[in-house]
Every structure is written in C-alpha cells, then in structure tokens.
Amino acid sequence: MSELTPPPIIACARVICYAFVDDDVRFTGRCEMLVDGKALGPVKRLAVCTNPIGNALILLYCDENWNCLAAEGHATVEKAQASAERAYSGISDKWRNSTSTDAGADTVVNLAEHFPPCSFCGRRGFEVANFIEGNHARICTKCVEHFHLILNP
C-alpha cells in the first residue's frame, strides 16, 4: 500500500472510492460538518465507503493519514461525490476507485473483535444504543425491550 493509497478499511467501513484534496481543489466552506461543536474546515482526503451493516454509503472526511474526522450518509456514490463537490470545488475529477477486494478488506478488520454482537440477536454496537454485559454473554437494549414486552404483556 503506497503512502497515498487509502487502506481498504477506514473506521470499520470498506473504501469504494477516494480522492485527494490537492492544490487544484478549492475548499468552498459549504460544508456543514461539525466536530466537537466547531466547523470541520478543509481536509486532505475524502473516501466513499460502505458501512459494514446494510451496505449504507458514507462519505468520510479524513486527515492526510486517512484517519476519519467526520462522516455523512448518502443514498448513492454519486450523491456522496456531489456533496463532496459542493464543499470541495474541483474534486469531481480526483475520484479513484479502490483496488481492494472484499476478501482483502475482511482480513483487515474483524467485526466481532471491534463490535462484539448481542448474544441473542447478533446486532452490533453501531446498530443499537447500549449493551448489558455479563461474564459470558451480552444483550442489547432492543432485546431487553423485546423480552420485557413478552414477560409483561
């Protein structure tokens, strides 16, 4: 992996395409991303990725080392790229397709390690609000609510 090429996975999401913000690209300021209550400002890298669950698309705003600084969801790759163009005039010609494969991406991140599932339904931490954990099991709040309804009709 060259220094400029993104890793196959950024913030547990598989990279589909990416772009570098260089001198040919102008930050317009038309970006509504907030980090810790402050406007994000210009970034060095952008990546359109698929979220590990449901294949939802997200546009990641990254630093020069591909660390995710902010993210926004989109329905299509084209809509994510159009959003990026509003904030970064000239970025449209910079997009490159990722050369990583699903198999290669799967070896980089182990979802079970980073997001252990609910022992009952299999949902992961990015799908539910909280978990209750015991010695050998964990249950998500959605399952607790479901079991509560069963036990208290």
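Refer to the structure printed above.
Presented here is a report on the structure given in the accompanying data block.

**A few points about the packing of aromatic side chains**
Two descriptors summarise a pair of aromatic rings, namely the distance from one centre to the other and the angle between the planes of the rings.
1) Next: All told, the structure shown has 5 aromatic pairs when counted by the stated rule.
2) Next: Measuring from ring centre to ring centre gives 5.6 Å for Tyr18 and Phe20, while their planes differ by 80 degrees; the resulting arrangement is edge-to-face.
3) Next: Accessibility expressed as a relative area gives 11% for Tyr18, which makes it buried.
4) Next: Centre to centre, the rings of Phe27 and Tyr88 are 5.2 Å apart; their planes meet at 50 degrees, and the pair counts as tilted. Residue Phe27 is located in strand 3 (residues 26-27), and its partner Tyr88 is located in strand 9 (residues 88-89); the two are separated by 61 residues in the primary sequence.

**Observations regarding the nonpolar core**
1) Next: Counting 21 residues, the largest nonpolar core has Leu46, Val48, Leu59, Tyr61, Tyr88, Ile91 and Trp95 as the members making the most contacts within it.
2) Next: For this core, the secondary-structure elements that each account for two or more residues are strand 2 (13-20), strand 6 (45-50), strand 7 (57-62) and helix 1 (77-87).
3) Next: Here this core takes 4 residues from helix 1, the largest share from any one element.
4) Next: Excluding anything up to four places from it in sequence, Leu59 contacts Leu46, Ala47, Val48, Ala70, Ala71, Glu72, His74, Ala80, Ser83, Ala84 and Trp95.
5) Next: Ala13, Tyr18, Cys62 and Trp66 belong to the second-largest nonpolar core, a separate cluster that totals 11 residues.

Rules used in this analysis
Here the residue numbers are simple positions, counted from 1 along each chain's written sequence. Since the coordinates come from a predicted model, pLDDT governs what is reported: local features require at least 70, and pairs of side-chain atoms require 80 or more to be given and counted, while whole-chain, interface and lining totals use all residues. Remark: hydrogens and water are excluded; side-chain values derive from all non-hydrogen atoms of the structure. Here a Phe, Tyr or Trp ring, Trp counted by its six-membered ring, pairs with any other such ring whose centre lies within 6.5 Å, and the pair is stacked when the planes are under 30 degrees apart, edge-to-face when over 60, and tilted otherwise. Each residue gets one of three labels from its accessible area relative to the maximum for its type: buried under 20%, exposed over 50%, partly exposed in between, using a 1.4 Å probe on protein chains only. Helix numbers and strand numbers start at the N terminus; a helix is a DSSP run of H or I with at least 4 residues, a strand a run of E with at least 2. What we call a nonpolar core is a set of buried Ala, Val, Leu, Ile, Met, Phe, Trp, Tyr and Cys residues that are connected through their side-chain atoms within 4.5 Å. The contact rule is simple, with two residues in contact once any of their heavy atoms fall within 4.5 Å.

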